[in-house]
Amino acid sequence: MAEPLLSSALSPPSEAPALSGPRRALLLFMVQGLPLLGLGYGVWLFVREGIRALDVGLLVGMYLLTMTGIELGFHRYYAHRTFETTRLIRALLLILGSMAGQGSALLWSGVHRWHHAHTDVPGDLHSPTLGRHGVWQRVRGFLWAQFLWYLDSPAVVKFSRFLERHRSAPEAALSAPEDNQECRLARTMPDLLRDQGLLRLNQRYGLWVLLGLVLPAVVGGLATGSWEGAWRGLVWGGFVRFSLVQQASFAINSVTHTLGTRPVSTRDDSRNNAVMAVLTLGAGWHNNHHAFPGSAFTDFRWWQVDASGLMIRVLARLGLAWDVRKPSPEALAMRART
Ligand SMILES: [Zn+2]
Ligand SMILES: [Zn+2]
C-alpha cells in the first residue's frame, strides 16, 4: 500500500552541529533523567513498602491509556491517518498521547513521518543501524536510538522551536521561504498544520502533560481519602508510568530496528518483535508496519496480537471509525519473504 502522505522527494536533513555540553545535559536530564529518577523512586518504594492494588491499578490503567494515546492516537491516527474517527475521539487521542510527554502531536508526527521517509538511511533521526558495523558499534547504535537520539539529532530541537515560533499560525510554516530542515519536516504534514481542532488542543500540550501526572494523584487521593494516597498515585500512575511508556516507545526505535524477524520485504532494518508488540499495543510488529505504514493494522498473521488494531476494529463496528485502511491479501502476498 502506498503512503500518500509521505513524499519520496523529501531530501535528507542537512548537517547541523549537535547541542553543546550544558544544554545537552539539561535536556537529557529533563527528558529522561527525571522520569528515570521517578522510576528509581518507585522501585525503592516497592522494595521498602511493597505495592498496593490501587498502585498497580493506576500504573497499569495510566500505562494503557497513554500508550493508547501514543500508538492509536499519535501514530496510527495523526502520523499515518490510517482511519477516520469522530471529533471527540480525535481530541481524546490527542490528549492521551500528549499525557505521555513525548512531545506534542505535531512534533511527534513530523519526526515520525520523516523516519518513514528515511528509514535507516542518511537523514533518519533515530536509526540504530545506519552506518554501524560490528557488534560494538551496533550496541552503541542501539543505546543511542534508545536514549540519546533526540539530543544528537538537532533537527528535533530545531523543529520543536520552529513549531513554537509558528504557534499562533502553524499553517504559515508551510509557505515559509526558507528551505531548512525544520521547513522540510513541517512540509511532511500539511494536513495536520491545517487541522484547526488539532492545533487548538496541541497548543495546550504542557497542560496535558501535567494532567497525566495530576489525574492519578487525584484518583489515588480520592480513593484513599489521604494525601499519602495522592502521593502514591502520582508516583505509580504518574512518574513510573511516564518512564515505562517512554522507554517502551523509544524501544520501537532501538529494539524493533535491531532484534526480531523480518517476514515482510522492506528496504530497512525493521523487525517484528512479539514482546515489543505487547508492550506497545501493536507497534512491535514493526516490520509489518514499515511494509504497510498506511495500514490501520499491524497483525498480518492470526497469532500476532495487535491491541490497537483491535480497538480500531471495535470502533469501526460501533460506527465510530471509518475509512479504515488495510493492505489487500494480494499486496501482503507480494511482500512476503519466502
Ligand atoms: Zn521504524
Ligand atoms: Zn509509523
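The structure contained in this document is the topic of the report that follows. Given the structure is predicted, the values throughout are model-derived calculations rather than measurements.

This part takes up the overall build of the protein chain. A count of helices and strands for the protein chain gives 15 helices and two strands. Its C-alpha atoms give the protein chain a radius of gyration of 20 Å, within 12% of the compact-globule value 20 Å for 338 residues. A buried classification covers 53% of the 338 residues belonging to the protein chain. Partitioning the intrachain contacts of the protein chain with sequence separation of at least 6 by distance along the chain shows that 70% fall at a separation of at least 24. Summed over its atoms, the accessible surface of the protein chain is roughly 15,800 Å², and 66% of this surface lies on carbon and sulfur atoms. Placing the 33 positive and 23 negative side-chain charges of the protein chain at their respective mean positions leaves the two points 1 Å apart.

Glancing now at the pattern of salt bridges. Overall, the coordinates contain 14 salt bridges when judged by the stated rule. Overlapping salt bridges bring together Arg48, Glu49, Arg52, Asp55, Glu228 and Arg232 as one network.

Looking now at helix H14 (residues 307-317). Of all the residues in H14, the buried ones are Ser308, Gly309, Ile312 and Leu315. One side of H14 holds all its buried residues, which, seen down the axis, span an arc of 120°. Exposed side chains of H14 directed beyond 90 degrees from the buried face belong to Leu310 and Arg317. Close packing links the buried residues of H14 with helix H2 (53-79), helix H3 (87-99) and strand E2 (321-322). The first or second residue beyond H14 is Gly319, which carries a positive phi of 80°.

As a further point, take the coordination of the zinc ion (ligand 1). Taken together, the protein ligands of the zinc ion (ligand 1) are His115 (NE2), His257 (NE2), His286 (NE2) and His290 (NE2), with distances of 2.1 Å. Every donor counted, the four donor atoms about the zinc ion (ligand 1) form angles of 93 to 155° at the centre, which fits irregular coordination. All donors of the zinc ion (ligand 1) come from a single chain, and their spacing in sequence reads H-x141-H-x28-H-x3-H. Of this pair, His257 sits in the loop between helix H11 (227-254) and helix H12 (274-279) while His290 sits in helix H13 (residues 286-291), placing them 33 residues apart in sequence. Each member of the pair, His257 as well as His290, carries the same accessibility label: buried.

Each value, and the rule that gives it
Residues numbered from 1 in each chain as written. Chains lettered and ligands numbered in written order. Predicted model: local features only at pLDDT ≥ 70, side-chain atom pairs only at ≥ 80, totals over all residues. Heavy atoms only, no water. Helix = DSSP H or I, 4+ residues; strand = E, 2+ residues; numbered from the N terminus. Rg over C-alpha atoms; globule rule 2.2 N^0.38 Å. Buried < 20%, exposed > 50% of the residue type's maximum accessible area, 1.4 Å probe, protein only. Contact = heavy atoms within 4.5 Å. Areas by Shrake-Rupley, 256 points an atom, 1.4 Å probe, with all protein chains shown as cover. Lys, Arg positive; Asp, Glu negative; His and termini not counted. Charge placed at Lys NZ, Arg CZ, Asp CG, Glu CD. Salt bridge = Lys/Arg side-chain N within 4 Å of Asp/Glu carboxyl O. Arc of directions from axis to C-beta. Donors = N, O, S within 2.8 Å, 3.2 Å for Na, K, Ca; no water. Tetrahedral: all angles 85-135°; square planar, octahedral: opposite > 155°, others 65-115°.

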